[in-house]
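# What the coordinates show
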Amino acid sequence: MMWRRGKILGKGGSAMVYLAAVVSPTSNDLLPSLMAVKSAPFYKSRCLAKEERLLSDFADCPHIIRCFGEDLTIEEDGEQWYNMLLEHAAGGSLADRIQSFGRGLPESEVRRFTKSLLMGISYIHKKGYVHCDIKPHNNMLLVEEKDDFSMSLNGKRKRVQESTAKIADFGLAKRAGKKLKAKENKPRLRGTALYMAPESILRGEYEPHADIWTVGIGFSEKVPEIPSGLSKEAEDFLKKCLVRDLRSRWTADMLLGHPFVSAANNALHNLLIASTPASVMSVSSYF
Ligand SMILES: Nc1ncnc2c1ncn2[C@@H]1O[C@H](COP(=O)(O)OP(=O)(O)OP(=O)(O)O)[C@@H](O)[C@H]1O
């Protein structure tokens, strides 16, 4: 075994997630020294194995959590476990970050996270899949050190820690266009009820536009309404997500061109936001 199981990072409905240290890095240089390992007893690991195949196919997208492969282990009680080796998100989930801020995140950060979320969703949709469970709990934050260019305008340069958001938990993902079988004439539901699009609840429909509704719900504090106190751009962005008529709901690519996200990551733009009253405004308590 090249890695050793560490403390529990989280518990899901289908699996446990542990911190893992690589024990013999020379045997596989591709593995980082720390990983997250999502594990389940082998007899319950069909979904996890499906998730591993999907994540391996999505490995070239920087907005999706990376998977380094799978491994089988025999645990102390003799039971065989299936393990999926993942990039470790040291910043926890976006939900954790929102909770730690209390009042909500600054708008410049929301724009940046929303942009990477949409880039990840656009990639998934182009690959012909629907995530089906986009929510802050499934957006994991990786922490990187970067130069702070806004400081260099004052003649000083500083290294700052910045979080990058990546989409995780593909346990419910499905192929676009593939219908979920109804059960006892009722639509089959998947995902988290509070975030579900109207067409999913009413007709069990999970096509790419359902992922866009869930982006909007996360943004608007889990109710399909536009919260007060948003900037005009944020408000308009939400109105393009929370549209019941599927023909009018914007796609991920259309939203990437929306002014709310198109200028995100632009240092000068962020500096301008930071120097206006909008900087003290938080975009709802979700984001
Ligand atoms: N790559 C990671 N790095 C750090 N922590 C992680 C990582 N992946 C998952 N976690 C933690 O483990 C928890 C459970 O993970 P995940 O949601 O993938 O499991 P699941 O069984 O598919 O859950 P669910 O029942 O919610 O679908 C997450 O909420 C998160 O706190």
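Residues numbered from 1 in each chain as written. Predicted model: local features only at pLDDT ≥ 70, side-chain atom pairs only at ≥ 80, totals over all residues.

As recorded by an unreviewed UniProt entry, the protein carries the name Protein kinase domain-containing protein and is attributed to Camellia sinensis var. sinensis.

Our next topic: the UniProt feature "binding site: ATP" (unreviewed entry) in the protein. Mapped onto the present numbering, the UniProt feature "binding site: ATP" (unreviewed entry) falls on Lys38. With respect to the helices and strands, Lys38 occurs in strand E3 (residues 34-41). The class for Lys38 is buried, based on 29 C-beta atoms found within 10 Å. (UniProt positions renumbered as here; feature names shortened; annotations may be inferred. Helix = DSSP H or I, 4+ residues; strand = E, 2+ residues; numbered from the N terminus. Buried ≥ 20, exposed ≤ 12 C-beta atoms within 10 Å, placed from the backbone.)

Here the focus is the domain arrangement of the protein. In terms of domains, the protein is made up of domain 1 (2-87) and domain 2 (94-279). On the domain 2 side, the residues contacting the 11 residues of domain 1 number 13 residues. Considering each element in turn, the side of domain 1 that touches domain 2 owes the most residues, four residues, to helix H1 (residues 46-57). (Domains from an automatic or database assignment. Contact = placed C-beta atoms within 7 Å.)

Compared with the 28 Å implied by 1.5 Å per residue over 20 residues, the 28 Å span of helix H3 (residues 107-126) between its first and last C-alpha is a close match. For H3, the buried fraction is high: 18 of the 20 residues fall into the buried class. Just past H3, the residue Gly128 takes up positive phi, approximately 90°. (Expected span 1.5 Å × (residues − 1).)

Close contacts around the ligand come from 21 residues, with Gly10, Gly12, Gly13, Val17 and Ala36 the closest. Contributions of two or more residues to the shell around the ligand are made by strand E1 (3-11), E3 and strand E5 (80-87). (Near = placed C-beta within 6 Å.)

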